[in-house]
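Close look at the chain arrangement
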Amino acid sequence: MVEGWHGWIGTFRGVALITVAALPLAALAVWALARRRSVTDTTPAWRMSLAEVGMVYGTVPWVWMIMLPGDRAGAVPGRVSLVPLRDLLTILAGDPVTAMGQVVGNLLVFAALGFLAPVRFAALRSVPRILALAAGCSVLVEAAQYVLQLDRVSSVDDVLLNAAGAGLAALASRRWWRATARASSDRPRSAPVPGR
């Protein structure tokens, strides 16, 4: 039974099904956080709660998928590719459907983070900061693939694509994080208490 369960959650299809099944839980988490926040805070409760849950919900399944072990995990040493664009050009020279899937998949790994982090965190309201954050997260994932010997290639091209996807997503959400910044600056500040 354990082997069957691991076999199911250890596949791309299984991760996708679990992600879809978890959508009601994510919606419940947004509702609970917003409800709690609206009682204790003056920030836009729904926007903040949706951004927090969305970053996790939109990133964890992708990271889970790229951390799935290959067929020879543990039996082969980790492999590293540090020459920029070499792996990408090799992929693009192969089957177009496979190439498109790999490129789009890598662009989506940290896209939710890139889209929603600037909405939630004022310090991340710039595309270069999102690019740096996504690149750092991607380096950690690639290093983990290498150290854990998952029968995957730790490639600089994956880092570049992951960061590019987050940067493009940040550009796509720029309207909302700029609106959040304006709303925060328009909010009246509390008056100082005399004698303090």
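Definitions and limits used
- Residues numbered from 1 in each chain as written.
- Predicted model: local features only at pLDDT ≥ 70, side-chain atom pairs only at ≥ 80, totals over all residues.
- Heavy atoms only, no water.
- Helix = DSSP H or I, 4+ residues; strand = E, 2+ residues; numbered from the N terminus.
- Buried < 20%, exposed > 50% of the residue type's maximum accessible area, 1.4 Å probe, protein only.
- pLDDT = per-residue confidence, 0-100.
- Contact = heavy atoms within 4.5 Å.
- Core = buried A, V, L, I, M, F, W, Y, C linked by side-chain atoms within 4.5 Å.
- Salt bridge = Lys/Arg side-chain N within 4 Å of Asp/Glu carboxyl O.
- Axes fitted to C-alpha atoms, helices over the stretch in contact; angles between N-to-C directions.
- Parallel < 35°, antiparallel > 145°, perpendicular 65-115°, else oblique.
- Left-handed = near helix turned anticlockwise from the far one by under 90°.
- Nonpolar A, V, L, I, M, F, W, Y, C, P; charged D, E, K, R; others polar.
- Polar contact = N/O pair within 3.5 Å; in protein donor to acceptor, adjacent residues only side chain to side chain.

**Here we look at unusual backbone geometry**
One non-glycine residue, leucine 85, lies in positive phi territory at about 75°. Inspection of the secondary structure puts leucine 85 in the loop between strand 1 (79-81) and helix 5 (86-93). Of the residues examined, leucine 85 reaches a relative accessible area of 45% and is grouped as partly exposed. Here the phi dihedral of glutamine 149 falls at roughly 50°; this positive angle occurs in a residue that is not glycine.

**Observations concerning the confidence of the model for the chain**
Should pLDDT be low for a region, the predicted coordinates there are not to be read in detail. A residue-level look at the chain finds 85% of positions with pLDDT of 70 or above and a mean pLDDT of 87. Overall, residues 188-193 carries pLDDT values under 50, and its contacts beyond four positions in sequence, including any with other chains, amount to zero contacts.

**With respect to the nonpolar core**
Counting residues in hydrophobic clusters, the biggest one holds 18 residues, and the most contacted among them are Met55, Phe110, Leu113, Ala117, Ile130, Ala134 and Ala166. Where this core is concerned, the elements lending two or more residues are helix 4 (45-66), helix 7 (111-120), helix 8 (127-147) and helix 9 (156-172). With sequence-adjacent residues up to four places away left out, alanine 117 is seen in contact with Met55, Ala112, Leu124 and Ile130.

**Describing the pattern of salt bridges**
This structure, assessed with the given rule, holds three salt bridges. The salt bridge partner of glutamate 52 is arginine 37, with a shortest N-O separation of 2.8 Å. Of this pair, glutamate 52 sits in helix 4 while arginine 37 is found in helix 3 (residues 23-40), placing the two residues 15 residues apart along the sequence. The residues glutamate 52 and arginine 37 share a single accessibility class, namely buried.

**Quick look at the packing of helix 4 against helix 7**
As a packed pair, helix 4 and helix 7 sit with axes 9 Å apart at the nearest point and diverge in direction by 160°. The pairing of helix 4 with helix 7 is recorded here as roughly antiparallel in orientation. In terms of crossing hand, the pair formed by helix 4 and helix 7 is left-handed. Mapping the contact onto sequence places Arg47, Met48, Leu50, Ala51, Glu52, Gly54, Met55, Gly58 and Thr59 in helix 4 and Ala112, Leu113, Leu116, Ala117, Val119 and Arg120 in helix 7. Classifying every residue of the contact of helix 4 with helix 7 by side-chain character gives nine nonpolar, three polar and three charged.

**Here's the deal with the side chain of glutamate 52**
Overall, the relative accessible area of 18% leaves glutamate 52 in the buried class. Polar side-chain contacts of glutamate 52 include one of 2.8 Å to the side chain of arginine 37. Here glutamate 52 is in contact with Leu33, Arg37 and Arg120, once residues within four sequence places are set aside.

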